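Here are the chains, one letter per residue:
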Amino acid sequence: MANTLPSSITVIVSGGGPIGLTFAINLAMIMCKKHVKIIVYEGRWIMGKDGSMRWRTEEQGNIRRDQVVTLQDHVIQQLPVYIQKGLFVNINERVWPTSRNIPIQEVEDRLLDLIQPFVRSGQIELIPEQLNELSERLTQGNFDILVGADGSKSFVRRYCNIQVRSEGIEYACGVAYNIPANVSPSDEPLHQALNCILTTSQSRYLVNSSAGRRGYLNARLTKDEYEELRECLQRSEKRNVPINLEYYKECSHISVWSIIRQGLDFFNIRSKFVHRIVPIEVNVQHTSSVVREFRFEIKEKQESILSFTPSQSGKSNKKKFKTMLVCLVGDAAMGVHFWSGRGMNTGIKSAIALARNILCACTIDMPPHFLDLFDYEGFMTRLRACEQQGRSLRILLNPIDQCTGEAYTYDHVGHYHVYHTRELKKRLKETRQSLQQLPHWPHRSRPVSDQELEEIFNRIPCRVVAQLSLANPWPTEEIEDVEVFVEDIFPFRQDQYLPVPRLREVISSQRENDYYHYYHHHHHHRYFILWIVGDIMNKHTEKLINSIPILPKFANHSFVTNDIIHQSHGPRHILHVVNTIKEAQDWMQTPEIRKNIQRKDVRFRVITEGSLNDYQSAVDVIRTIRAEVPHAPVLIISNKHEDMRSAGEFPNVIIIDTVFELYEFFGINQAIQWDQNYRVLY
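Cut-offs applied
Residues numbered from 1 in each chain as written. Predicted model: local features only at pLDDT ≥ 70, side-chain atom pairs only at ≥ 80, totals over all residues. Heavy atoms only, no water. Buried < 20%, exposed > 50% of the residue type's maximum accessible area, 1.4 Å probe, protein only. Helix = DSSP H or I, 4+ residues; strand = E, 2+ residues; numbered from the N terminus. Contact = heavy atoms within 4.5 Å. Salt bridge = Lys/Arg side-chain N within 4 Å of Asp/Glu carboxyl O. Phe/Tyr/Trp six-rings, centres within 6.5 Å; stacked < 30°, edge-to-face > 60°.

**Q** Can you help me understand helix α4 (residues 104-114) in this one?
**A** An α-helix turns once per 3.6 residues; consequently, residues spaced three or four apart project the same way. Taking burial as the measure, the 11 residues of α4 include nine buried ones, the bulk of the element. Residues of α4 that are buried include every one of I104, Q105, E106, V107, E108, R110, L111, L112 and L114, and no others.

Have a look at this one:
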């Protein structure tokens, strides 16, 4: 099929996590080098002196995720055999039926290794930076398809003004732990069979681990518990003192610490093995569409995007446009509740489906058109109905608030505890029987005894027993057979995948040149921010302006307001605030500013209000700015999205109404999918 392709397309992928890398490798293995060029942007990578990519460490500003994910067999089987074998070469463990457990860090490391042959062949290019408004390929429109694989806080989704709808929000806490190999018998982890029984018998706590030692405990929280946790963690961070869960007196008065410790006790995990705590806000959301056309205005020679400037006398005012496609995959398209263990599976399904749809579309049109990807849109609609409506909303509709509230209310009633102890024991035995009767139960040779179940009640207090008894078990029997299969819509045989390119060594000196070129041009950025506030600055805008210089991204560097720095030792930033468009124009035409904003290490950004006064709007700002700096990104602060539709038609314009999105404009938190991680004394 690939041999019938008439031409070549360029695909940009924003996000080099598991979903972005899976998509890139799949597309490269079904479309040969002469038909597709794939460019992957990821800010969590760093280039080594040998020119190879690797993940940044915590010391280099990247806190890697500790979760262990469960990949379903039917999803794994749709991957090329090359990925199937390479992904599980180090860890190949069955914990749940018809699936395999693997740490997410292992997935990231293995996929980054597996993509290397395609990088060396020149078909895939890896760029160790986040895709942003000033990325050259975006500003010049030098691509055919833009794929957003950049998580729940997607830059691509925001850049293209794709709306998101939330089905509901829930709160949780993630506790990462790592149990060493040589520990005392009392510190040994529970067998995975028992972990499965405890997890599915209730919906307060969940454990997913690799070999039972390296894993993640999730605890569902009420909103009050979540807020208490965040406040405590932030206080600890400000004091620069790691949390010590072993010293119970430090936090005995804080209820959320008791919740964490009780969850650890339930699964017999010693708190001394915990090394990170993460507050989690679970937003079950989806986009209005996963495929969208994006128009770029181009010059006649199609070398770059034209600015929207008034036509000069004697010249044609006719504009030419190039139409590209924007596609979303993974969490950028749809967020699901982590409790059902479907997030990674859903993301990989979307990546495989999109790659196959692009192949089918390219056999008809090159590059593909909007209607050519309708099958992918339809597939994602079915997937959303299955994963969000069928699974995630079942958790959201049974919040943890009611069972915790009732358990606290009747905590002093003795017979209440007797009843719930009996009920929880009964449920644990029923769950054990149900799981052990499954045809694909992976622990058939290791049955769980009654004594192991009884020992649980010696580890947790009566109040926790009541909470777990009241927390409904996960309804596995109701939904276990409901699946949306990629192969039903996009069938593809293993023998249709192209062979992996043979490795060829890149000249060492060339790799070193790539390394030094990257660090000279990308390692340090200076921000020049022009903020046009209108005739009258309101108090909310003033507060936002004052918050910019103290953001963590800028806190360690000098930040000068309404001034010009002629000499600098390291990154220096400028925030210039004006009232009118004329003042903004005069500032940009200052020789020193004009010279600086053309530099490759300077990121020039413009912020404005939706309306400056009775006769000037954001559209006037865009036209004036683009006359001076054609591709400058412009952010408009307005909660009236309908009124801003004309401004949104311009390329590289973002309309926002939240403080978070404003900070995203400066590249803050783009790579973080969950909340900030907090270190624990370990």
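Alright, that's what it looks like, and here's the rest.
**Q** How should I be thinking about the environment of M53 in this particular structure?
**A** Here M53 lies in strand β4 (residues 53-55). Take M53: its relative accessible area is 10%, and that puts it in the buried class. The spacing of M53 and P128 is 75 residues in sequence and 7.6 Å in space, taken between C-alpha atoms. Aside from chain neighbours lying at most four places away, what touches M53 is W45, I46, M47, L112, L126 and P128.

**Q** Any chance you could explain the pattern of salt bridges here in plain terms?
**A** Opposite charge on two side chains makes pairing possible when the charged atoms of those side chains draw close. What the rule picks out here adds up to 27 salt bridges. One salt bridge connects E58 with R276, and the closest N-O pair in it is separated by 3.1 Å. Of this pair, E58 sits in the loop between β4 and β5 (68-72) while R276 sits in strand β12 (residues 274-287); the two residues are 218 residues apart in sequence, bridging distant segments of the chain. E58 gets classed as partly exposed once you look at its relative accessible area, which sits at 36%. According to the relative accessible area criterion, R276 is buried, its value standing at 5%. In this structure, E452 engages R446 in a salt bridge whose closest nitrogen and oxygen atoms are separated by 2.8 Å. Look at R446 and you get partly exposed, because its relative accessible area is 27%. Three or more residues joined by partner-sharing salt bridges are found here, namely R342, K349, E387, R391 and E483.

**Q** Just checking my understanding: could you explain the packing of aromatic side chains for this structure?
**A** Within a pair of aromatic rings, the relevant descriptors are the distance that separates the centres and the angle that separates the planes. Enumeration according to the criterion identifies 12 aromatic pairs in this entry. Consider the rings of W45 and W55, whose centres lie 6.1 Å apart with planes at 70°: the pair is edge-to-face. With W45 in strand β3 (residues 45-47) and W55 in strand β4, this pair connects stretches of sequence that are 10 residues apart. Aromatic pair Y82 and F118: ring centres 6.2 Å apart, planes at 70°, arrangement edge-to-face. Taken as a pair, Y82 in helix α3 (residues 81-87) and F118 in helix α5 (residues 116-121) lie far apart in primary sequence, 36 residues in all.

These figures come from the coordinates and say nothing about function on their own.
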